[in-house]
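Structural description and commentary
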Amino acid sequence: MTDTRDIELTILMPCLNEAETLETCVRKAKGFLDRTGISGEVVVADNGSTDGSQAIATGLGARVVPASRRGYGAALLAGIDQAHGTYTIMGDADDSYDFTRLEPFVERLRTGSDLVMGNRFAGGIEPGAMPPLHKYLGNPVLSFIGQLFFRPGIGDFHCGLRGFNTERIRALSLKTTGMEFASEMVVRSSLARYRIDEVPTTLKKDGRSRPPHLRSWHDGWRHLRFLLLFAPRWLFVYPGLFAFLLGALTVGILSFGGVRIGQIGFDVTTMVYASALCILGFQALLFFWLTKLYATQEGFLPTSERYRRIMSRWTTERGLLAGTALFLLGVVLGVVQVSQWAALGFGQQDAVDVIRVAIPSSLGIILGFQTIMMSFFSGVLTVPRQDMEPEAVIES
């Protein structure tokens, strides 16, 4: 019996009722190990199959790891946890990936790559192997967004055939149990500054007679949602900062009088909508702050040196002072307006002039109040706890 400490490679296949194709995949994987002389094992992470897949895998010499919780990610997490290999190469058990040509993955892993992704678009996609919706819209769009947000340096973000250093991936403590697991592995590896490489691979039409487990729109949205949640700057900061600055600048300019650009005039009506835009943008920035604070303390997002410097200077009291200053500025503008009204004997005023002052006043009050509430909430999030890492404790 091979000592598990001598196993270099685990070939991992998630499985849910894959009796039609599992035998072919296992034979190909074992054939690869025999042909190359690599010390390895084939592991089938079974997700509760009822078609005899477990017996097929065991009969062919593969090791079956049960995954009691349903889901693509749950099955792979169970398999990764039980893998004996220094490296792991995972791939679907539907005979769509070529388990006989894994040398490029092994070579990159041996040279120090933490994650090696297959690229189906570079290696070749057999006609009918990928639905047109996935080939021309889903995968290109999600890969573009993933590359834009996280810069992993790959062109096929969701290829199911990929290899990785087993311990390095375990160290990420991946969480997701569904199809978004494929995105989480790349995103978390990129955020951890892991070395990510890519090699061409092929995709052929799978050998199953039943429909695939993948649900195009549902699973596509889950991938997109995950990418957005792990990129708070793109979700909150960039749109929020744009909306806040545009709204605040517009309100500031129009506070001194109407503006005409060509035949179009901008006045107090524009101010109303600009103030709403400013508030929405400010709320997005507050959501970013609280999201980043929570996610870094819980270990979902990494902390950078720049972030730690900013947080070391931020306290609940400073936030309360800033919010109170904004709030009082709004109140002062309101008091000035009431005083002007009193000077007129509380009679009728010009509506345009009233609104021109009332909007900046109400804007200051709203933004100040939101800042005060955010500061209290951030203070709650940063209360030191016994289970917090020392660097995650922020003085509040």
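In what follows, the structure referred to is the one given above.
My aim in this report is to walk through the structure given alongside it, one point at a time. (Residues numbered from 1 in each chain as written. Predicted model: local features only at pLDDT ≥ 70, side-chain atom pairs only at ≥ 80, totals over all residues. Heavy atoms only, no water.)

Looking only at helices and strands, one finds 14 helices and 9 strands in the protein chain. Dimensions along the principal axes, computed over C-alpha positions, put the protein chain at roughly 95 × 55 × 40 Å. Counting every position in the protein chain, which comprises 396 residues, the buried fraction comes to 45%. For the protein chain, the share of sequence-separated contacts (at least 6 apart) that also reach a separation of at least 24 residues comes to 76%. (Helix = DSSP H or I, 4+ residues; strand = E, 2+ residues; numbered from the N terminus. Buried < 20%, exposed > 50% of the residue type's maximum accessible area, 1.4 Å probe, protein only. Contact = heavy atoms within 4.5 Å.)

Where helix α10 (residues 232–254) meets helix α14 (residues 351–381), the axes come as close as 9 Å, and the angle between the chain directions of the two elements is 145 degrees. In this structure, α10 crosses over α14, and the sense of that crossing is left-handed. Every residue of α14 that contacts α10 at Phe244, Val251 and Leu254 is listed here: Arg356, Ile359, Pro360, Leu363 and Leu367. Partitioning the contact of α10 with α14 into residue classes produces 7 nonpolar, no polar and 1 charged. (Axes fitted to C-alpha atoms, helices over the stretch in contact; angles between N-to-C directions. Left-handed = near helix turned anticlockwise from the far one by under 90°. Nonpolar A, V, L, I, M, F, W, Y, C, P; charged D, E, K, R; others polar.)

Among the surface-exposed residues, Leu133, Leu137, Val141 and Trp217 lie close enough to one another that they form a single nonpolar patch of about 390 Å² accessible area. Looking at the nonpolar patch, the element that brings in the most residues is helix α6 (residues 132–150), giving 3 residues. (Patch = residues over 30% accessible without salt bridge, like charges linked within 9 Å, V, L, I, M, F, W, Y side chains within 5 Å. Areas by Shrake-Rupley, 256 points an atom, 1.4 Å probe, with all protein chains shown as cover. Salt bridge = Lys/Arg side-chain N within 4 Å of Asp/Glu carboxyl O.)

Running from N to C, helix α3 (residues 72–82) and helix α8 (residues 181–191) cross one another at 55 degrees; their axes reach a closest spacing of 9 Å. Taken together, α3 and α8 sit at an angle that is classed as oblique. Counting all contacts with α3, which are made through Tyr72, Gly73, Leu76, Leu77 and Ile80, the residues of α8 involved are Phe181, Ala182 and Met185. Counted by class, the contact of α3 with α8 contains 7 nonpolar, 1 polar and no charged residues. (Parallel < 35°, antiparallel > 145°, perpendicular 65-115°, else oblique.)

Let us look at the side chain of serine 275. Structurally, serine 275 can be placed in helix α11 (residues 268–298). Other than its neighbours up to four places away in sequence, serine 275 contacts Val251, Ile359 and Leu363.

In this structure, asparagine 17 takes a positive phi of about 55 degrees despite not being glycine. With respect to the helices and strands, the residue asparagine 17 is situated in the loop between β1 (9–15) and α1 (22–36). Its identity as a non-glycine residue notwithstanding, arginine 193 has a phi of 60 degrees, on the positive side. Inspection of the secondary structure assignment puts arginine 193 in the loop between α8 and β7 (196–200). Judged by its relative accessible area of 70%, arginine 193 falls in the exposed class.

Take the sheet that holds strand β2 (residues 40–46) next. Strand pairs in the sheet, formed through backbone hydrogen bonds, run parallel or antiparallel to each other. Read across the sheet, 7 strands follow the order β3-β2-β1-β4-β6-β5-β7 without closing on themselves; strand pairing throughout is mixed. Two strands in the sheet have a free side with no partner beyond their single neighbour: β3 (63–66) and β7. Looking at each pair of strands side by side, their axes are set apart by 25 degrees on average, direction ignored. Bridge analysis of β2 against β3 gives 4 bridges, and the strand direction is parallel. (Pairing = 2+ DSSP bridges.)

This paragraph deals with the pattern of salt bridges. For the coordinates displayed, the defined rule picks out 12 salt bridges. Residue lysine 204 is joined to aspartate 95 by a salt bridge in which the shortest nitrogen-to-oxygen separation is 3.4 Å. Highlighted residues: lysine 204 in the loop between β7 and α9 (216–229) and aspartate 95 in the loop between β4 (87–90) and α4 (103–110), separated in sequence by 109 residues. In this structure aspartate 95 comes out as buried when scored by relative accessible area, which is 10%. One salt bridge connects arginine 356 with aspartate 267, and the closest N-O pair in it is separated by 3.0 Å.

Counting residues in hydrophobic clusters, the biggest one holds 69 residues, and the most contacted among them are Leu9, Ile11, Met13 and Met185. With 6 residues, the single largest contributor to this core is α1. Ignoring sequence-local partners within four residues, the contact set of isoleucine 11 consists of Ala29, Phe32, Leu33, Glu41, Val42, Val43, Ile89, Phe99 and Leu102. Listed in part, the 19 residues of the second largest apolar core include Val251, Ile279, Leu293 and Leu363. (Core = buried A, V, L, I, M, F, W, Y, C linked by side-chain atoms within 4.5 Å.)

Taken together, the side chains of Arg193, Arg233, Arg306, Arg309, Arg313 and Arg318 make up a positively charged region of the molecular surface. Here the positive patch takes 3 residues from helix α12 (residues 305–313), the largest share from any one element. (Lys, Arg positive; Asp, Glu negative; His and termini not counted. Charge placed at Lys NZ, Arg CZ, Asp CG, Glu CD.)

Below, the discussion takes up the packing of aromatic side chains. By the definition in use, this model includes 7 aromatic pairs. Ring centres of phenylalanine 226 and phenylalanine 230 lie 4.4 Å apart, and the angle between their planes is 25 degrees; on these two criteria the pair is classed as stacked. You can call phenylalanine 226 buried: its relative accessible area is 7%. Ring pairing ties together the aromatic residues Phe149, Phe150, Trp234 and Tyr238, which thus form one cluster. (Phe/Tyr/Trp six-rings, centres within 6.5 Å; stacked < 30°, edge-to-face > 60°.)

So yeah, pure geometry; function would need other evidence.
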